[in-house]
Amino acid sequence: MATANLLLHPVRMRILQTLVGAGELTTAQLRERLPDVSAASMYRHVATLTKAGILEVVQERPVRGTVERSYRVRQDEALVDEDARAGMTKDDHRQAFTVFTGGMMADLDRYLSRDDADPPNDGVLCRQGAVWVTPGEFTELVAELEALVARYAGRAPGDDRIRHIVSLALVPDRAAGEEGRASEV
């Protein structure tokens, strides 16, 4: 499992988001999808993610005297596990949440900057709800949400499918002095 610092770096997060659901991509293909990331930065962050075991090389082929590699995300390694989250300070959580929400803003901005962006017809949606659950029910809720997204994430492109980014943040909303178990960011 990875650490929050490793995964929640803004450029590394964008690389992972680009690869998730895209199958495998080369560094050149990643650069096409993330043109604002310099080549040096892209190679450095891909190397960091590969060394950490979060990305894996799935294919190598010679191209003009060099080796072109295709990468994919190892979903099981691209998570900040419970022990790592437990070791994070409040400031670490604040920083992680800032990077996470900043990434969501960047995704929306990239989409809206396209000439063909049509939010109402493309299904752009921001929604927030509140639930009252016990700690056990909360654990079940999180597992169900993750399973639901995983079920759709496994689908291949084609058949008029459009890639959508699903982001989820879970934050407890307890009144001051209220007792109970804190949920995780």
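In case you missed it, the structure is sitting above this.
Residues numbered from 1 in each chain as written. Predicted model: local features only at pLDDT ≥ 70, side-chain atom pairs only at ≥ 80, totals over all residues. Heavy atoms only, no water.

Description of the packing of helix α2 (residues 10–19) against helix α6 (residues 90–112)
Rules: Interaxial angles span 0 to 180 degrees and are taken between N-to-C directions of axes, which are lines fitted to C-alpha atoms, for helices over the stretch in contact. Note on conventions: DSSP H or I runs of at least 4 residues are helices, E runs of at least 2 residues are strands, and numbering of each starts at the N terminus. Just so you know how the angles are binned, under 35 degrees is roughly parallel, over 145 roughly antiparallel, 65 to 115 roughly perpendicular, and the rest oblique. Crossing handedness is read from the near helix: turned anticlockwise from the far helix by less than a right angle, it gives a left-handed crossing, and turned clockwise, a right-handed one. Only heavy atoms matter for contacts: two residues are in contact if any of them lie within 4.5 Å across the pair. Here the term charged refers only to Asp, Glu, Lys and Arg, the term nonpolar to Ala, Val, Leu, Ile, Met, Phe, Trp, Tyr, Cys and Pro, and the term polar to all other amino acids, Gly among them.
Packing of α2 against α6 leaves a shortest axis separation of 10 Å and a crossing angle of 55 degrees. The angle between α2 and α6 places the two elements in the oblique class. Relative to α6, α2 is oriented so that their crossing is right-handed. Where α2 abuts α6, its residues Pro 10, Met 13, Arg 14 and Gln 17 lie against Val 99, Phe 100, Gly 103, Asp 107 and Arg 110. Taken together, the residues of the contact of α2 with α6 sort by class into four nonpolar, two polar and three charged.

Some words on the packing of aromatic side chains
Put simply, the rule reads: Classification of ring pairs rests on two measures: the distance between centres of Phe, Tyr or Trp rings, Trp counted by its six-membered ring, which must be within 6.5 Å, and the angle between planes, read as stacked under 30 degrees, edge-to-face over 60 and tilted in between. Residue burial is assigned from relative accessible area. The probe radius is 1.4 Å, only protein chains are included, and a residue is buried under 20% of its type maximum, exposed over 50%, and partly exposed in between.
This structure, assessed with the given rule, holds one aromatic pair. Consider the rings of Phe 97 and Phe 100, whose centres lie 6.5 Å apart with planes at 40 degrees: the pair is tilted. With Phe 97 and Phe 100 both in helix α6, this residue pair falls three residues apart, about one helical turn. Look at Phe 100 and you get buried, because its relative accessible area is 19%.

A short note on the pattern of salt bridges
Any two side chains of opposite charge can pair, so long as their charged atoms come close to each other. Put simply, the rule is: For salt bridges, the criterion is a side-chain nitrogen of Lys or Arg within 4 Å of an Asp or Glu carboxyl oxygen.
One pass over the structure, following the stated rule, counts seven salt bridges. Here Glu 68 makes a salt bridge to Arg 61, at a shortest N to O gap of 2.8 Å. For Glu 68, a relative accessible area of 21% translates into the label partly exposed. For Arg 61, a relative accessible area of 42% gives the class partly exposed. Between Arg 114 and Asp 116 there is a salt bridge, with its nearest N and O atoms 2.7 Å apart.

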